[in-house]
Amino acid sequence: MISPSVTWPLATMPFLSSSLLLLLTVSTPSWCQSSDTTSPKATNGTPFPWDKIRLPEHIVPVHYDLMIHANLTTLTFEGTTEIEIAASRPTSAIILHSHLLQVSKATLRRRVGERLTAEPLRVLEYPPHEQIALVASEPLVVGLPYTVVIDYTGHLSGHLNGFYKSTYRTKEGEVRVLASTHFEPTAARMAFPCFDEPAFKANFSVKIRREPRHVAISNMPLVKSVTVAEGLLEDHFDVTVKMSTYLVAFIISDFESISKMTKNGVKVSIYAVPDKIHQADYALDAAVTLLEFYEDYFSIPYPLPKQDLAAIPDFESGAMENWGLTTYRESVLLFDAEKSSASDKLGITLTVSHELAHQWFGNLVTMEWWNDLWLNEGFAKFMEFVSVSVTHPELKVEDYFFGKCFDVMEVDALNSSHPVSTAVEDPAQIREMFDEVSYEKGACILNMLRDYLGADAFKSGIVQYLLKHSYKNTKNEDLWNSMASICPTGGTERMDGFCSRGSRSSSSSHWQQEGLDVKTMMNTWTLQKGFPLVTVTVRGRNVHMKQELYRKGPDDASETGDLWHVPLTFITSKSDSVQRFLLKTKTDVLILPEEVEWIKFNVGMNGFYIVHYEDDGWDSLTALLKGAHTTISSNDRASLINNAFQLVSNGKLSVEKALDLTLYLKHETEIMPVFQGLNELIPMYKLMEKRDMNEVENQFKAFLIRLLRDLIDNQTWTDEGSVTERMLRSQLLLLACVRKYPPCVQRAEAYFREWKESDGNLSLPSDVTLAVFAVGVQNPEGWDFLYRKYQSSLSNTEKNNIEVALCVSQDEEKLQWLLDESFKGDVIKLQEFPHILRTVGRNPVGYPLAWKFLRENWDKLIQKFELGSSSLTSMVIGTTNQFSTRARLEEVKEFFSSLKENGSQLRCVQQTIETIEENIRWMDKNFDKIRVWLQSQKLELF
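Rules and cut-offs
Residues numbered from 1 in each chain as written. Predicted model: local features only at pLDDT ≥ 70, side-chain atom pairs only at ≥ 80, totals over all residues. Heavy atoms only, no water. Helix = DSSP H or I, 4+ residues; strand = E, 2+ residues; numbered from the N terminus. Rg over C-alpha atoms; globule rule 2.2 N^0.38 Å. Buried < 20%, exposed > 50% of the residue type's maximum accessible area, 1.4 Å probe, protein only. Contact = heavy atoms within 4.5 Å. Areas by Shrake-Rupley, 256 points an atom, 1.4 Å probe, with all protein chains shown as cover. Pairing = 2+ DSSP bridges. Axes fitted to C-alpha atoms, helices over the stretch in contact; angles between N-to-C directions. Phe/Tyr/Trp six-rings, centres within 6.5 Å; stacked < 30°, edge-to-face > 60°. Lys NZ or Arg CZ within 6 Å of the ring centre and 35° of its normal. Disulfide = S-S within 2.5 Å. pLDDT = per-residue confidence, 0-100. Parallel < 35°, antiparallel > 145°, perpendicular 65-115°, else oblique. Nonpolar A, V, L, I, M, F, W, Y, C, P; charged D, E, K, R; others polar.

Caption draft 1: Geometry of the overall build of the protein chain. If you tally the helices and strands in the protein chain, you get 29 helices and 29 strands. Expected size for 942 residues packed as a compact globule is a radius of gyration near 30 Å; at 28 Å, the protein chain falls within 12% of this value. The buried share among the 942 residues of the protein chain stands at 65%. Taking contacts inside the protein chain between residues at least 6 apart in sequence as the whole, the part at least 24 apart equals 73%. Of the roughly 32900 Å² of accessible surface on the protein chain, 48% is carried by carbon and sulfur atoms.

If you want it as structure tokens, here you go:
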């Protein structure tokens, strides 16, 4: 699953959000949690026979027969679930999940000889655990086959999970209704009673009743349709492979589709609303290419006869990997050839690659429990990088992937972070696991392991893992055991592991010793939170290294005992050949063959650690960047920028030295270092905005534009160039226009005038559209015109661009109206509200409005968005975590503590409080230094 607030925190389109990331800097959120301690009494007052959140293991499902009949007029559904079960010990109570369903009848069937017996079951409900107990008159016999039959009804969900209603408006203005599912992690129980835990895998036979004007699709192909009454058809779908409940899916709609076959005979189809099916071609081609890639890479055929990809008009997360029927927000599947940007294409490709990777990692092999969710999500995120770099090399996915490692480090550096593998139990805690640590950190440490083992050995290990555990469930250690067992018996130059003292060994014994320790090594990255800071001190030819836990805050913080096995890589002024060193102890020393002018660790950003260069180490690297920055790669330049500012936060490096390093950006042209520079510099003036420090704030903004002016001036207002060139153009022109750089504003105003005079029919260059809208929206007529176009547009890209532009208006009344209107969920869909609230919350005029709206509407918010959901978390983070005054900190603490069980203990609250405290400390320490430094730079950049 992909969540927009995890992957793309500022917008529904991944690289639209990147452009705002530069301007508005939404910190990546963790997930919230709540808890429940109700005693086990059923709703009728009798004791409930099970007191744990996890289901008992002595009854397991073997096969489900599901019949679902949804009424899209009354927005209700009825169903019958037949579950073949097996008991491993005698018990009278069958415990399973059910949430917000009304069970009308439950029966236990079993065959005795030729006779079929049916016994009514007593139904007990325990809502706090979302469980029901079906109680038989006598214990079930071990080894006998039983079938539980449950009749029930329900309402289509008001949230965008479970079995829920979605709507769309046709070109002619007619509102049409459809019903779709989203079950991960714990919402299958909202559609049918079931054993709703990932380890209870079973086969599913699905039947859907529908009107003839609708089409039903599910995980498997349609076998037949039968008429059950006048105007009512029942579609029978083929039986699924063995899988977890959260992967079941069905949709009832009037979607249309287009299809292609892969070279191995898998039918791939895109489903979308009829008015948008013409936007499905790009995703269809990408899906065919990626599915073929994964079959080749994993050497395991895709096991189903078809793969559907459906664009759902209302969809809270980004996408979902249901086996054989992946579902998506329209904006991450549909590509408008006339209006979609280069970043849209990259975002769609990455999202499709992520969900298709899940067909192996997650669906074929599934984590045993949600504490190891990263085995699903970290791998799928990592495979985006592996697959797209091969299938679509022109997209330069590596420029996106490595930036995500820096993003998650911001979260992982907080005390409120958590280990990649973390114990969780209740649904809110489980939802909390769908965060950057599971996704991005998981992917980044897998990339580090691949770099450590070598690509071929790594691939052999994951293929062995998939083959060994197909249709089963796994734990963290199962992956490491597969990795350790692939160590080659004969050493090769590429796969010889790392030497502990800098001498490279090609002996097989050394490799095996290191390789067999993969589990110990990787446990240091998955079982403890945070990441290491490696301090490097060069003394002649001796390089002294020390590792410690990185934490923001003063460097007198208490020492911790955390240790990692850190696969260090480095290059020097004398050799660009990558050297390797596995640091397993607190300190170590390596000896260079000769003295060097500079040394750069973490080559290419493949490691999940940051580096401090003591003595004159930073001075040497800053001089290198200023004199000959292309000596090292763009990734290495970006990592130096990132590390320098991380070290300002914990007092290891002065803010002046970090700012001095960024001055080389005047000569930079590559996307990664430019973006990283903006990601470090923009938050500095965003904190000033919250303190009303207008003079220095404006000086800093002017410095930033002067720094990048040559690069901005060189941008053309076209869609020409490579994907990275186009993305850089889009971001830079947006930045320049929002910062009121006159040449940019004048050009954008002219474009907007022409576009408005054509009634929005003029085709603007897609990569500069957001910059044009952001300028045009600043007068009332432009704002009103954009909102009218929003209502009629069929292009998701255009709607996203307009949505962002409306949020950057400087008119408080317009911003307040936008918050009120989008919260209604009528013209602007409710799924867009979290993004709108966050974006207004980053607006220097709008942030007080967003914070006030969150507080005044909290009770309504938690009715629309679940406690623990990514949407709610992102709104908490997005409206508060750039505050930098003690008065705001007290407001935040006071408000959330007043909520008690309705939010006071949410993890995101702890995170944002911690972040605000750090913002205050950082500004108190560095603001005056920045002011003085800016004075010294006034003339240098002209």
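Caption draft 2: Region of the structure containing the sheet that holds strand 6 (residues 122-126). Read across the sheet, three strands follow the order 3-7-6 without closing on themselves; strand pairing throughout is antiparallel. Edge positions in the sheet fall to strand 3 (93-97) and strand 6, since each has one partner strand and no second. In this sheet, neighbouring strand axes are inclined to one another by 20 degrees on average, regardless of whether the strands run parallel or antiparallel. Pairing between strand 3 and strand 7 (residues 131-135): five bridges, direction antiparallel. Looking at the pairing, Ala-93 lines up with Val-135 of strand 7.

Caption draft 3: Quick look at the sheet that holds strand 11 (residues 203-210). Strand order in the open sheet formed by eight strands is 5-4-8-2-1-11-14-13, with mixed pairing between adjacent strands. Only two strands of the sheet have a single neighbouring strand rather than two, namely strand 5 (115-120) and strand 13 (222-229). Averaged over neighbouring strand pairs, the angle between their axes works out to 20 degrees when direction is ignored. Relative to strand 14 (residues 232-237), strand 11 runs antiparallel, the two being bridged by four bridges. Across the sheet, Arg-209 pairs through a bridge with Glu-234, a residue of strand 14.

Caption draft 4: Region of the structure containing the packing of aromatic side chains. Under the definition given, this model contains 56 aromatic pairs. Seen in terms of ring centroids, Tyr-294 and Phe-298 are 5.6 Å apart; in terms of plane orientation they differ by 10 degrees. Their pairing is stacked. Of this pair, Tyr-294 and Phe-298 both sit in helix 3 (residues 281-298), four residues apart, roughly one helical turn. For Phe-298, a relative accessible area of 0% puts it in the buried group. Relative to Trp-360, the ring of Tyr-302 lies with its centre 6.0 Å away and its plane at 55 degrees, an arrangement referred to as tilted. Residue Tyr-302 is located in the loop between helix 3 and strand 18 (306-312), and its partner Trp-360 is located in the loop between helix 4 (342-358) and strand 21 (365-367); the two are separated by 58 residues in the primary sequence. Across the pair, exposure class does not vary: Tyr-302 and Trp-360 are buried alike. Of note, Lys-756 hangs over the ring of Phe-785, and the distance from its end group to the ring centre comes to 6.0 Å.

Caption draft 5: Just the state of the cysteines, in detail. Enumeration over the complete set of coordinates arrives at two disulfides. Residue Cys-405 pairs covalently with Cys-444 via a disulfide, S to S 2.0 Å. Here the disulfide of Cys-405 and Cys-444 is left-handed, its torsion about the S-S bond being about -100 degrees. In this pair, Cys-405 is assigned in helix 6 (residues 398-412) and Cys-444 in helix 8 (residues 436-453), connecting sequence segments 39 residues apart. Exposure remark for Cys-444: the relative accessible area of 3% places this residue in the buried category. Sulfur-sulfur distance for the disulfide between Cys-737 and Cys-744 comes to 2.2 Å. On the sign convention where negative means left-handed, the S-S torsion of about -90 degrees between Cys-737 and Cys-744 marks this disulfide as left-handed. Looking at Cys-737, the relative accessible area reads 5%, which means it is buried. Among the cysteines around Cys-807, which has no disulfide bond, Cys-737 carries the closest sulfur, lying 18 Å off.

Caption draft 6: Main features of the confidence of the model for the protein chain. Per-residue confidence for the protein chain averages 91 on the pLDDT scale, and 92% of its residues sit at or above 70. With pLDDT under 50 throughout, residues 5-36 is counted as low confidence; its partners more than four residues away or in other chains account for 151 contacts. Counting interchain partners and residues more than four positions distant, the pLDDT-below-50 stretch residues 488-515 has 54 contacts.

Caption draft 7: Examining the packing of helix 16 (residues 671-689) against helix 29 (residues 907-937) more closely. Between helix 16 and helix 29, the shortest axis-to-axis distance is 11 Å and the interhelical angle comes to 100 degrees. Viewed along their axes, helix 16 and helix 29 adopt a mutual orientation that is roughly perpendicular. Residues Met-684, Leu-687 and Met-688 of helix 16 form the contact with helix 29, whose own contacting residues are Asn-919, Trp-922, Met-923, Phe-927 and Ile-930. Tallied by class, the residues present in the contact of helix 16 with helix 29 amount to seven nonpolar, one polar and no charged.

Caption draft 8: Quick peek at the pairing of strand 10 (residues 175-182). Bridge count for strand 9 (residues 162-169) against strand 10 is eight bridges, and the pairing is antiparallel. Bridge assignment links Tyr-168 to a residue of strand 10, and that residue is Arg-176. Connecting strand 9 to the next strand, strand 10, in antiparallel fashion are five residues, including Gly-173 with a positive phi near 95 degrees.

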